[in-house]
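# Reading the structure
Chain residues, written in single-letter form:
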Amino acid sequence: MSSAGVSPQSIQRPRATEVEQHGIDTIPAEHRHSGPFDLFRIQFGGANTFATVILGTFPILLGLSLWQAVAATVLGVLVGALILMPMGLFGPLTGTNNAVSSGAHFGVRGRVLGSFLSLLTAIAFYSISVWVSGDALVGALIRLFDVPDSDLLRGVIYAVLGAMVIVVVVYGYAFMLLVNKVVVVGNTVLILLGAVAYAGDVDLGFNPGSDAYALGSFWPTFVLSALIVMGNPISFGAFLGDWSRYIPANTPPRSLLLATLGAQGATLVPFLFGVVTATLVTGDDYIVGLIAVSPLWYAVLLMVVAFLGGLSTGITSLYGTGLDFSSVFPRFSRVQASLFIGAFAFVFILVGRLAFDLIDSVNAFIGAIVICTTPWMIIMTVGYVVRRGHYRPADLQVFNLGMRGGAYWFDNGINWRGMAAWIPAAVAGLLFANYPPLIEGPFRNAAGGVDISLPVAIGLAAALYFAMLYVSPEPRYAYGPEGPRWVPTREAEVPEVVEDPNASAHRQIIRNRKAEREAVDELKEGPTSA
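Quick look at the structure, then. (Residues numbered from 1 in each chain as written. Predicted model: local features only at pLDDT ≥ 70, side-chain atom pairs only at ≥ 80, totals over all residues. Heavy atoms only, no water.)

### Some remarks on the overall build of the protein
A tally of regular secondary structure across the protein gives 22 helices and six strands. Burial analysis of the protein (530 residues in total) assigns 57% to the buried set. About 20600 Å² of surface is accessible on the protein, with carbon and sulfur atoms providing 66% of the total. (Helix = DSSP H or I, 4+ residues; strand = E, 2+ residues; numbered from the N terminus. Buried < 20%, exposed > 50% of the residue type's maximum accessible area, 1.4 Å probe, protein only. Areas by Shrake-Rupley, 256 points an atom, 1.4 Å probe, with all protein chains shown as cover.)

### Some points on the pattern of salt bridges
Considering all chains together, one arrives at seven salt bridges under this definition. The partner of Arg-392 in a salt bridge is Asp-395, with the nearest N and O atoms 3.8 Å apart. Judged by relative accessible area, which is 30%, Arg-392 ranks as partly exposed. Asp-500 serves as the salt-bridge partner of Arg-404, at 3.8 Å between the closest nitrogen and oxygen. Placement of the pair is Arg-404 in strand S1 (residues 403-404) and Asp-500 in the loop between strand S6 (498-499) and helix H22 (505-525), with a sequence separation of 96 residues. Judged by relative accessible area, Arg-404 falls into the partly exposed class, the value being 25%. According to the relative accessible area criterion, Asp-500 is buried, its value standing at 6%. (Salt bridge = Lys/Arg side-chain N within 4 Å of Asp/Glu carboxyl O.)

### Some points on the packing of aromatic side chains
Within this structure, the stated rule accounts for 15 aromatic pairs. With a centroid separation of 5.8 Å and 65 degrees between ring planes, the pair formed by Phe-90 and Tyr-391 is classed as edge-to-face. Placement of the pair is Phe-90 in helix H4 (residues 90-94) and Tyr-391 in the loop between helix H18 (358-386) and helix H19 (393-396), with a sequence separation of 301 residues. With centroids separated by 5.5 Å and ring planes inclined at 70 degrees, the aromatic side chains of Trp-297 and Tyr-298 adopt a geometry described as edge-to-face. Overall, the relative accessible area of 41% leaves Trp-297 in the partly exposed class. (Phe/Tyr/Trp six-rings, centres within 6.5 Å; stacked < 30°, edge-to-face > 60°.)

Encoded structure:
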């Protein structure tokens, strides 16, 4: 049944404390209880946190003046939002997350690439959120109660925050949406109060001078700063479908695009908070330093910001990956997958925070996410345009159910057109990348030290994908009734969907459960007239 055929009264809205039952299966129309505003709220809530504040400090830490840092931040958010916007269109059409939806362009097996990118992003931002929120709580305890700092104290606080995130993730989408409702309003108000707290301390003419540029001159440093900021909106690319799949299929695309643009624009609140307050802090530990220079009343409020923000960012990151990990490894349920990834990420947090340099670790992860995820998003967007937004939700689930065939089977489950565009684009991006000291490509100085990895990756991904669609046209059945836009096709028969004898026992169990549910649904609906 399409969303258009479901009345608002028949839509089932789960309680926030009800454990979510859906995995990456297609969300039925009667369970699609969200709208574009929920998409806005969950994006903004997930980014309206100390993790985003930390990213906002990077332009200052890299040596830019206050207004140069503001310009780099606005540029990074805007460009990242424009690339991200189309990624909210897939969920309502396919009823599943973006990694599974990417099977239409990478093949139902090749879509595992999207799952890998989702995992990389989730571990990075879950870790960042727990790191910075935990450090903020430590700083507040030091300031308010004179508690001595120690690795043990930080480890315990990281564990508590991480565990709370996992609890919310286990309950699922409805509970996550409730948390973000609180964070959107609460953290926005608390961050804006910073204008009162630091009103007399901010130097609008802050400029450390040209000798402070981390990469030696203005433009390389400015571009690096913008790219780091851009990593935040890009990080949502693999996750937007996790939330938009609960939006009805007949929702106007324009409202979905504007929801994403508005949400990312709103993240300038925490970003600019980070930019401005970074000018007030000296020393290597920004969070502890900020709390030390804050008025006592605001130091208390920063604890609340840290706590709410840590929950929100960690939840939005971990939820989607637990969801998708369970589809790649079906022996894990969504809950089990979330627990497994959460435990793995916690170990990464301890090692990354206590054994390595935080700034270097964040810089490297953001660089890898931007370079590898952006060409994947470009291919998805080009695919959406040439397919005129036409998708077959049932055929996207073939691999997940232990079957083979369907419109997106292509070459044994892999569409090499998408892969042949992504692999060179990602590799070329890494070769031109300059995220010192951990990612320094051999061609990083090709443009006088300015990082051109992103335009290289974007341009190559788009050009190669279009070229592959011309050199090796896709079958006509992969497109909708109106046919393709701008690219040729070839005639072919849709491969029959059959059981895959080589499918794992766990996928066969999932397939059998799906068949049982469909049989029960048919009995509930009763006989239909011919």
